[in-house]
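The primary structure of each chain is shown beneath.
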Amino acid sequence: MSHLEGRHAVITGGASGIGAAVATALADAGGRVTVMGRDPVRLERFLATCPGARSIICDVTDEGSIGQAFAQARIELGPVDILVNNAGAVESASFQGTDVDMLDRMLAVNTRAVLVCTNAVLPAMIEAGWGRIITVASTAGLKGYPYIAAYAAAKHAAIGLMRALAMEVAAKGVTANAVCPGYTDTEMVSQALDDVTARTGKTREEVLARYVAGNPQGRLVEPEEVADTVLWLAGDGASAINGQAIAIAGGEVG
Ligand code: NAD
């Protein structure tokens, strides 16, 4: 199957979790894939599972690093056709325990990075008359959850970036969308389970049961399910899907 026909796709934070599942799906569909991430060991480990993909070191909170990484990606595989803004991080605290430094950290990785990475590829997409910007936001970009105010604010803002961009590029062959997973079975959730377990004294099973209770399907989302939606958005068949924030959460949000 090759419905991406050699399109160059860049996935940030692509060496693990949802990003790795997306990179694999896009490569399997014929895309030429560049994964960007901070950790060379993790990137190498991912490349061993996805022959043909390339990796480039990039810290998406560092504008210089983004500039260099996207320049290198362009030299190696040509202009970027598909950008998946996947890199992200979560920190939790009560609202009153959320200080401006935490808000700045969450905005830097979940929002500012989306703006900077997108602007690194947008001019070439507009010139080519074809492009896909897909941002991995969260259901926390569509509704509130307790104890993650800074993360929720940053993901709401990331969706705002996509919605506004979508209006600017609508007539230029470029689409901009967000996907919004609910709790998904990755290291991010595993780490959160460990933290909450340590902090509250509840068992891991009890904490997990609370997480999945919000999903009407009563389970974690699989990274591959998020990847399937990204794959669809990346193809020609999704040319009319623009400015959407698509929940992948078993019906948790409408
Ligand atoms: P993950 O921790 O496996 O993946 C996050 C990736 O982003 C990691 O590879 C990490 O190294 C990378 N990253 C973090 N900061 C970075 C930086 N400064 N520069 C470059 N890379 C950086 O977790 P995941 O669940 O696969 O998360 C992927 C995306 O999905 C994130 O944006 C996350 O907010 C979002 N998301 C996750 C869930 C979930 O429940 N797991 C739910 C909704 C949304």
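In this report, the structure presented in the accompanying data block is examined.

### Some details on the pairing of strand β6 (residues 174-181)
Link 1 in the chain: Among the eight residues of β6, eight are classified as buried, and the element is accordingly described as predominantly covered.
Link 2 in the chain: For strand β5 (residues 131-136) and β6, the ladder comprises six bridges, and the chain directions are parallel. By the bridge assignment, Gly 131 is partnered in β6 with Val 174.
Link 3 in the chain: Tracing the backbone out of β5, into helix α5 (residues 149-169) and back to the parallel element β6 gives a crossover that is right-handed.
Link 4 in the chain: Here β6 pairs with strand β7 (residues 245-248) via four bridges, running parallel. The partner of Pro 181 across the bridge, within β7, is Ile 248.

### Points about the site of the ligand
Link 1 in the chain: In the vicinity of the ligand lie 26 residues, with Ile 18, Asn 86, Tyr 151, Thr 184 and Thr 186 positioned nearest.
Link 2 in the chain: In this structure, Arg 42 approaches the ligand through a side-chain N or O atom, which is 3.4 Å from an oxygen atom.
Link 3 in the chain: One of the side-chain nitrogen or oxygen atoms of Lys 155 is found 3.0 Å away from an oxygen atom of the ligand.
Link 4 in the chain: If the ligand stood free it would expose 810 Å²; the protein chains cover 93% of that surface.
Link 5 in the chain: Its residues assigned to classes, the shell around the ligand shows twelve nonpolar, ten polar and four charged.
Link 6 in the chain: Each of two domains, domain 1 (8-182 + 222-245) and domain 2 (183-220), supplies a minimum of three residues to the shell around the ligand.

### Digging into helix α7 (residues 204-213)
Link 1 in the chain: All buried positions along α7 are accounted for by Val 207, Tyr 211 and Val 212. Down the axis of α7, the buried set is contained in an arc of 130 degrees. They therefore lie on one face. Among the exposed residues of α7, those pointing more than 90 degrees away from its buried face are Glu 205 and Ala 213.
Link 2 in the chain: Close packing links the buried residues of α7 with α6 (187-200).

### Thoughts on the pairing of strand β1 (residues 8-12)
Link 1 in the chain: The element β1 is extensively covered by neighbouring structure, given that five of its five residues are classed as buried.
Link 2 in the chain: Residues of β1 alternate between two faces, with His 8, Val 10 and Thr 12 on one and Ala 9 and Ile 11 on the opposite face, all of them buried.
Link 3 in the chain: Judged from the five bridges that link them, β1 and strand β2 (residues 32-37) form a sheet pairing that is parallel. If you follow Ala 9 over to β2, its bridge partner there is Val 33.
Link 4 in the chain: Here β1 runs beside strand β4 (residues 82-85); their pairing, made up of three bridges, is parallel. Bridge pairing in β4 links Ala 9 to Ile 82.

### Re the packing of aromatic side chains
Link 1 in the chain: Going through the model one piece at a time under the given rule, you end up with two aromatic pairs.
Link 2 in the chain: Judged by centre distance (5.9 Å) and plane angle (65 degrees), the rings of Tyr 145 and Tyr 183 are edge-to-face. Of the two residues, Tyr 145 sits in the loop between β5 and α5 while Tyr 183 sits in the loop between β6 and α6, which places them 38 residues apart along the sequence.
Link 3 in the chain: When its relative accessible area of 29% is taken as the criterion, Tyr 183 is described as partly exposed.
Link 4 in the chain: Ring geometry for Tyr 183 and Tyr 211: centres 4.2 Å apart, planes at 5 degrees, overall stacked. On the criterion of sequence distance, the pair formed by Tyr 183 in the loop between β6 and α6 and Tyr 211 in helix α7 is long-range, its members being 28 residues apart.
Link 5 in the chain: These aromatic residues form a ring-pair network of at least three members: Tyr 145, Tyr 183 and Tyr 211.
Link 6 in the chain: The positively charged end of Arg 7 is found above the aromatic ring belonging to Trp 130, 3.5 Å away from the centroid.

### Some thoughts on the sheet that holds β5
Link 1 in the chain: A sheet is described by the order of its strands in space; here seven strands give the open sequence β3-β2-β1-β4-β5-β6-β7, paired in parallel fashion. Looking at the sheet topology across the chains shown, the edges are occupied by β3 (54-57) and β7. Neighbour to neighbour, the strand axes of the sheet diverge by 20 degrees on average, direction disregarded.
Link 2 in the chain: Packing of helix α2 (residues 40-49) onto the sheet brings it into contact with β2 and β3, and relative to β3 it is tilted by some 170 degrees.
Link 3 in the chain: In the packing of α5 onto the sheet, contacts are made with β5, β6 and β7, and the angle to β6 comes to roughly 160 degrees.

Here is what the cut-offs are and how they apply
- Residues numbered from 1 in each chain as written.
- Predicted model: local features only at pLDDT ≥ 70, side-chain atom pairs only at ≥ 80, totals over all residues.
- Heavy atoms only, no water.
- Buried < 20%, exposed > 50% of the residue type's maximum accessible area, 1.4 Å probe, protein only.
- Helix = DSSP H or I, 4+ residues; strand = E, 2+ residues; numbered from the N terminus.
- Pairing = 2+ DSSP bridges.
- Right-handed = clockwise from strand over helix to strand, strands pointing away.
- Near = heavy atom within 4 Å.
- Polar contact = N/O pair within 3.5 Å; in protein donor to acceptor, adjacent residues only side chain to side chain.
- Areas by Shrake-Rupley, 256 points an atom, 1.4 Å probe, with all protein chains shown as cover.
- Nonpolar A, V, L, I, M, F, W, Y, C, P; charged D, E, K, R; others polar.
- Domains from an automatic or database assignment.
- Arc of directions from axis to C-beta.
- Contact = heavy atoms within 4.5 Å.
- Phe/Tyr/Trp six-rings, centres within 6.5 Å; stacked < 30°, edge-to-face > 60°.
- Lys NZ or Arg CZ within 6 Å of the ring centre and 35° of its normal.
- Axes fitted to C-alpha atoms, helices over the stretch in contact; angles between N-to-C directions.

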